[in-house]
Amino acid sequence: MDKLFVISIGGTGMRCLESFTHLCAIGMFDNQEIELLTLDTDQTNGNKARTEEVIRLYNRVKTSGAVTGGTPNANTFFSAKLNLYRFYTNYAGLGRENYKNISKLFTGSPEQQKANKLVSDLFLENNSVQEFNLSHGYRAQTHLGCLLMYHGIIEAARSIAKGGDVQPQERELEAFVNKLVQAGADARVFIFGSVFGGTGASAIPVIPKALQDFVKTRSAGTENIDLTKAKFGATLLTEYFTFKKPDDAQKSTKDDSIIADASFFPLNSQAALQFYQSDPTVQKCYKFLYHIGWPLESKNVDESNPGNKTITGGSNQKNPCHIAELLSACAAYDFFTREDGFETAKAEYVYKAVSFKDNCFNFSFNDFTGSTNKAGEIFANRLGAFFSLAHISLTKNGAANGNNGIKGFIVQCENQKLTQYSTITDEECKEINDYFKQFAYTFNNDIFLPGWLYQVRNTVAPGTFMFDGKAFPTAPSELKKLDVGTIFMDAMHHWPKGGFLTDRYGTFVERLINSGPAEKQKVNTTKEKFLAHIYNAITTSQNFTLN
Amino acid sequence: MESVLAYIVTAITALAFLLIAVFTAKAIKFEGGSNPKDPRKRKAWFWVLAILNPIISFLVGYFFFMPDGNVLIVNKYKTALIIGTGVGFLLYIIIGFVLSRIFKNGKLGHWF
């Protein structure tokens, strides 16, 4: 079994990682310990913060006592163990704010300075590209970004090799790369990022090479990553969202002299794809490149931005999730579960199409994961089970309105004299509820806040999106009426009606009473057993086969 | 003979009430939420029926099955009816308890 690594780069990469984390939560990566690296220039980015918080929450849900982050399990929720590492290229502090300063153009002899300036001016526009503030990313200037991303990683390697004042983010990158070196030819590395923006588009072409050179620099040439053997894959995610054009007033300062203009995203995508199609380094480093695009009008993400300014980055950049990101996460699933195709010397470009009718997409479960090895059925089972449980916790047991949600299940078990889960604390229940809020929805002062799955579904509506439209109510009155056993479009996966004297929920509780965690699920702690127990009860209620 | 009738009436009434208690428990749906009230409802109904059982049992025996005979026979019947009512009450509780233990993880488990 190969060792799995994920690198997410830039704002879009972070949201893809968010989707990937939710795939892990529903249980798509059994028996795996996955190393996750977030890589950005903008450490305050809202999307990055949200994704890292989801991963931390995931780990808190899996943590029991001293076993931080839990252990890998099988056929249950939260089955993969996730290890998060964070690295950011540091552009804070005097002399590091922009290209001109960080590249030390004005050091050395007058001749050297002149030569440096000439070379820089040849590739990078003098007043804008060389002088904008780097702390919010590379702002669609990929020719600059590639250079600086590579520089940031090599700078970290030099700092580690030198010892002394090594920054925490450099240590985290080192820990991640150590695992990569250790895995050797068994490493499968998947990279999330866009090709139309700034940071992701800048980094995807250089990351394999940069990591290889990081290892060489840090070890003074004694260690290496063999790029012909390590398996790298990535998304080639073209434009799918847009935002308001920056006005001249906002661009008047040197810090903001360059701002990504969404109207150029299609052009950026086209140019990037031409590059990925022909660049020999990319073709040599990557085994699979997944084309993911959105052929309809790009979604405007400014709905959540009340100001007049274009958001360049920082904590305010919290774009809602899009189905293209879920598809990217599913591309990672495909890459990680592939059994062959890695022997080729040249990258293979992968793509697929989805049914499009009456001006909208209609997504089925197989569209996300394919049907090889029953992947579509497994995805339907696990996403459906997790979504049902989220609704039980948030809707039926009221966690979305401040009630204690999943605790209701423990009370339910206690009422049925199943007391083995009574040691799960209220705080642990709250963490599980909080995860469901991130996954599905919550209320804040009676205002409905859509979570990941609702946001993804909104990008497809009114087209079909795996589940029945009735499974996505937003009004409290509709939520109250929701039957959690009928979220699938296919009635075959509805919970049994129950017949005389009982209802769907009653038959589910009876299955809960009569089932339990199995040994092959490899669950050890009380919380893991509890989640596996619920998983089994929902799976059989949904008429899926327990693996 | 009349005494036997009294015992049969009270026993059948006790079993009928037990059957009603089982149906009632099954008919009360599992509730969600952090503080589901369904276990309390099942328990409450079990004890309401437990109290109603001797009352109904005695009234049915008294008004519908009272024998037409001399005082001695009637008194014998009344005595048997009172004893039978008590025994029926105990029977209801004992069988209820046994059922509750057998099906302790189900809805009947809420009785005790």
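Placed above this text is the structure.
Keep in mind it's a predicted model, so treat the numbers as computed, not measured. (Residues numbered from 1 in each chain as written. Chains lettered and ligands numbered in written order. Predicted model: local features only at pLDDT ≥ 70, side-chain atom pairs only at ≥ 80, totals over all residues.)

Participant: Can you break down the overall build of chain A residue by residue, with the values?
Facilitator: Across its full length, chain A carries 19 helices and 13 strands. For 547 residues, the compact-globule estimate of 2.2 N^0.38 gives 24 Å, and the C-alpha radius of gyration of chain A, at 24 Å, lies within 12% of that figure. Seen through its principal axes, chain A has C-alpha atoms that stretch 90 × 50 × 40 Å. When burial is assessed residue by residue, chain A has 48% of its 547 residues classed as buried. Restricting the contact set of chain A to residue pairs at least 6 apart, pairs at least 24 apart contribute 73%. (Helix = DSSP H or I, 4+ residues; strand = E, 2+ residues; numbered from the N terminus. Rg over C-alpha atoms; globule rule 2.2 N^0.38 Å. Buried ≥ 20, exposed ≤ 12 C-beta atoms within 10 Å, placed from the backbone. Contact = placed C-beta atoms within 7 Å.)

Participant: Tell me about the overall build of chain B, and please be specific about residues and values.
Facilitator: Scanning chain B for helices and strands turns up 3 helices and 0 strands. Counting helices and strands in the order they occur from the N terminus, chain B gives α-α-α. Rg of the C-alpha trace for chain B: 17 Å, well past the compact-globule value of 13 Å for 112 residues, more than 25% over. Over its C-alpha atoms, taken along the principal directions, chain B stretches across nearly 60 × 20 × 15 Å. In chain B, which comprises 112 residues, the proportion classed as buried is 33%. Sequence separation of 24 or more characterises 75% of the internal contacts of chain B that already satisfy a separation of 6 or more.

Participant: How would you summarise the sheet that holds strand β5 (residues 231-237) of chain A if you had to cite specific residues and measurements?
Facilitator: Residue and element names in this part refer to chain A. Read across the sheet, 7 strands follow the order β3-β2-β1-β4-β5-β7-β9 without closing on themselves; strand pairing throughout is parallel. Both outer strands of the open sheet, β3 (81-88) and β9 (348-350), are each paired with one neighbouring strand and no more. The average angle at which neighbouring strand axes cross in this sheet is 20°, direction not considered. As paired elements, strand β4 (residues 187-192) and β5 share 4 bridges and run parallel to each other. Bridge pairing in β5 links Arg188 to Lys231. Of the strands in this sheet, β2 (33-40) and β3 touch helix α2 (residues 46-62), which is tilted by about 150° from β3. (Pairing = 2+ DSSP bridges. Axes fitted to C-alpha atoms, helices over the stretch in contact; angles between N-to-C directions.)

Participant: Give me the lowdown on the interface of chain B and chain A, citing residues and values where you can.
Facilitator: Chain B puts 15 residues into the contact, and the matching count from chain A is 21 residues. Residues of the side of chain B that touches chain A, tallied by class, amount to 4 nonpolar, 8 polar and 3 charged. (Nonpolar A, V, L, I, M, F, W, Y, C, P; charged D, E, K, R; others polar.)

Participant: If you had to explain unusual backbone geometry to someone new, which residues and values would you point to?
Facilitator: All names here are of chain A. Here the amide bond leading from Ala461 into Pro462 is cis, since omega sits at 10°, within 30 degrees of zero. Examined against the element boundaries, Pro462 turns out to sit in the loop between α16 (452-458) and α17 (476-481). The backbone of Asp358 sits at a positive phi, close to 50°, despite the residue not being glycine. When you line up the elements, Asp358 lands in the loop between β10 (356-357) and β11 (360-361). The exposure class assigned to Asp358 is exposed, which follows from the 7 C-beta atoms found within 10 Å. Its identity as a non-glycine residue notwithstanding, Leu501 has a phi of 70°, on the positive side. By the element assignment, Leu501 lies in the loop between α17 and α18 (504-514).

Participant: Lay out the pairing of β2 of chain A with the relevant residues and their values.
Facilitator: All names here are of chain A. In terms of burial, β2 is a largely internal element, 7 of the 8 residues being buried. The pairing of strand β1 (residues 3-9) with β2 spans 6 bridges and is parallel. Across the sheet, Ile9 pairs through a bridge with Leu39, a residue of β2. What joins β1 to β2 is helix α1 (residues 10-26), and the crossover it makes is right-handed. Note that β2 and β3 share 8 bridges and pair parallel. (Right-handed = clockwise from strand over helix to strand, strands pointing away.)

Participant: Lay out the pairing of strand β7 (residues 286-292) of chain A with the relevant residues and their values.
Facilitator: Residues and elements named next belong to chain A. A large share of β7 lies buried, amounting to 6 of its 7 residues. Examined bridge by bridge, β5 and β7 share 6 bridges and lie parallel to one another. Within β7, the residue paired with Leu237 across the bridge is Ile292. The sheet contact formed by β7 and β9 spans 3 bridges and is parallel. Bridge assignment links Phe288 to a residue of β9, and that residue is Glu348.

Participant: Let's hear about the packing of helix α1 (residues 2-27) of chain B against helix α2 (residues 38-64) of chain B: which residues, and what values?
Facilitator: All names here are of chain B. Contact geometry of α1 with α2 gives a least axis separation of 9 Å together with a crossing angle of 155°. Viewed along their axes, α1 and α2 adopt a mutual orientation that is roughly antiparallel. In terms of crossing hand, the pair formed by α1 and α2 is right-handed. Contacts from Ala6, Val9, Thr10, Thr13, Ala14, Phe17, Ile20, Ala21, Thr24 and Ala25 in α1 reach Arg42, Trp45, Phe46, Leu49, Leu52, Asn53, Ile56, Ser57, Val60 and Gly61 in α2. Its residues placed into classes, the contact of α1 with α2 shows 13 nonpolar, 6 polar and 1 charged. (Parallel < 35°, antiparallel > 145°, perpendicular 65-115°, else oblique. Left-handed = near helix turned anticlockwise from the far one by under 90°.)

Participant: Which residues make up the packing of helix α5 (residues 142-162) of chain A against helix α8 (residues 207-218) of chain A, and what values go with them?
Facilitator: Residues and elements named next belong to chain A. Across the interface, α5 lies against α8 with an axial gap of 8 Å and an inter-helix angle of 20°. Between α5 and α8, the crossing angle belongs to the class labelled roughly parallel. Read as a crossing pair, α5 and α8 show a hand that is right-handed. Across the interface between the two elements, Met149, Tyr150, Ile153, Ile154, Ala156, Ala157, Arg158, Ile160 and Ala161 of α5 pack against Ala210, Asp213, Phe214, Thr217 and Arg218 of α8.

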